[in-house]
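# Commentary on secondary and tertiary structure
Letter by letter, the chains look like this.
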Number of protein chains: 2
Amino acid sequence: MADPLDPDMFTGCPPHLAPIRVGDKWTAKIIRCLEPGPRRFTELQAPLRGITPKVLTESLRAMERDGLLTRTAYQEIPPRVEYELTDLGRSLIEPMNAGCEWSRKHLAELLQARETWYATTP
Amino acid sequence: MADPLDPDMFTGCPPHLAPIRVGDKWTAKIIRCLEPGPRRFTELQAPLRGITPKVLTESLRAMERDGLLTRTAYQEIPPRVEYELTDLGRSLIEPMNAGCEWSRKHLAELLQARETWYATTP
DNA sequence: CGGAATCCGATAAGATACTG
DNA sequence: CAGTATCTTATCGGATTCCG
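Summary of the structure given here. Predicted model only: the values in this text are computed from it and were never measured.

## Some words on the relation of the copies chain A and chain B
Superposing chain A onto chain B takes a rotation of 180° plus a shift of 0.0 Å along the axis, which leaves an RMSD of 0.0 Å. The transformation relating the two chain copies, once decomposed into turn and shift, fits a two-fold axis. Judged by C-alpha distance, Arg21(A) is the residue of chain A that lies nearest the rotation axis, at 2.5 Å. Of all interface residues in chain A, 100% are interface residues in chain B too; the two copies therefore contact each other through one and the same surface.

So, in structure tokens, the structure goes:
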């Protein structure tokens, strides 16, 4: 299997300041986590700092419903479930990269404008 | 000035089924409306079917705060206010187009998966 | 014309506790 | 391990009314 996911892979990506969003709050990050290969539920929880099992389940179910990933449950003890991107899910990486590139180029400018606004607007 | 905006320019773009979003619910559409040139408050209301003045104001203020557009009020009677994209706002068109292209290519597949899910999941 | 003020409902997201 | 169940809170978007 692949190496464990870096628990800090999303520090520096606070969702509230990104103007471009894919799916719900967690969708894009889940896609990034699954990009190298299939992962288990618990593996996903680590980098998605503070996500509760309820919310992670909701996001994964919605993505499964939309054909972005597959869920495979192995009948073992202890149970094992793996989530894997479909081709459709993988196709979202391209527009996601466009959004990331925009952020690298322009996010600082947006934040600067916001700073100035709050400093000068009563 | 430019031609009036087509009131139907966004029919066929229901926001709930698009997995890619820029800003809030209306941001991307406002950018499209301003792409050809500056527009007045009332001009924007027509294609943004059913948007209330409160919500349109909120979106425009947030975009102004983030440096995506400028607001210019002319001291005339009756009053006239024009909104115009900044270079920063215009820079979002590129990732927006990436999202639109994804939709053209893959949205039908997503909707098909969703259909199947609701047809087969109890 | 271009908003502001107020109120309201729906939904998203999280906290907490429990289970096959 | 991989969730489910229940509850609560926060935010968003909308309806309505009024104003300079």
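Moving on, there is more to tell.
## Some words on the interface of chain A and chain B
Many authors give the size of an interface as the accessible area that is lost as the parts come together. The interface of chain A with chain B comprises 25 residues on the first partner and 25 residues on the second. Buried area between chain A and chain B, summed over both chains or domains, comes out near 2300 Å², and the portion from carbon and sulfur atoms is 66%. Summed over the three residues of chain A that lose the most area to chain B, namely Arg65(A), Leu88(A) and Trp117(A), the buried surface amounts to 26% of that side. Summed over the shared surface of chain A and chain B, the number is 2 salt bridges. Asp66(B) is the salt-bridge partner of Arg114(A), the closest N and O atoms lying 2.8 Å from each other. Between chain A and chain B we count 11 residue pairs in polar contact (both at pLDDT 80 or more) in total. At the level of secondary structure, the elements contributing two or more residues to the side of chain A that touches chain B comprise β1 (20-22), α3 (53-65), α4 (87-91) and α5 (93-120) of chain A. Residue contributions to the side of chain A that touches chain B peak at 11 residues, all from α5(A). The class makeup of the residues in the side of chain A that touches chain B is 13 nonpolar, 5 polar and 7 charged. Bridge count between β1(A) and strand β1 (residues 20-22) of chain B: 3 bridges; the pairing is antiparallel.

## Some remarks on α5(A)
Residue and element names in this part refer to chain A. The end-to-end C-alpha separation of α5 is 38 Å, in line with the 40 Å expected for 28 residues at 1.5 Å each. At His106, α5 shows its strongest bend, of approximately 55°. All of the buried residues along α5 are Ile93, Pro95, Met96, Gly99, Trp102, His106, Leu107, Leu110 and Arg114.

The rules we used
Sequence positions are assigned chain by chain, starting from 1 and proceeding in written order. In the order they appear in the text, chains get letters beginning with A and ligands get numbers beginning with 1. Only residues with pLDDT of 70 or above have their local features reported here, since the model is predicted, and side-chain atom pairs are shown and tallied only from 80 upward, although totals for entire chains, interfaces and linings are computed over all residues. By convention in this description, side-chain values take in all heavy atoms of the structure and omit both hydrogens and water. Superposing the copies works by least squares over the C-alpha atoms of residues that have pLDDT at least 70 in both of them. Between two residues, a contact is recorded if the distance between any of their heavy atoms is within 4.5 Å. Once two parts are brought into contact, the accessible area they lose, counted with a 1.4 Å probe and summed over both, makes up the buried area. We define a salt bridge as a side-chain nitrogen of Lys or Arg found within 4 Å of a carboxyl oxygen belonging to Asp or Glu. N or O atoms within 3.5 Å of each other form a polar contact, as long as, within protein, one can give a hydrogen and the other can take it, and as long as residues adjacent in sequence are counted only when both atoms are side-chain atoms. Strands are runs of DSSP state E lasting at least 2 residues, helices are runs of H or I lasting at least 4, and numbering of each runs from the N terminus. Amino acid classes used here: Ala, Val, Leu, Ile, Met, Phe, Trp, Tyr, Cys and Pro are nonpolar; Asp, Glu, Lys and Arg are charged; the rest, including Gly, are polar. By this definition, two strands are paired if DSSP reports at least two bridges between them. How far a helix is expected to stretch is found by multiplying one less than its residue total by 1.5 Å. Axes are fitted to the seven residues ending at a residue and to the seven starting at it; the angle between these axes is taken as the bend at that residue. Relative accessibility under 20% of the residue-type maximum defines a buried residue, over 50% an exposed one, and the middle range a partly exposed one, all with a 1.4 Å probe and only protein chains included.

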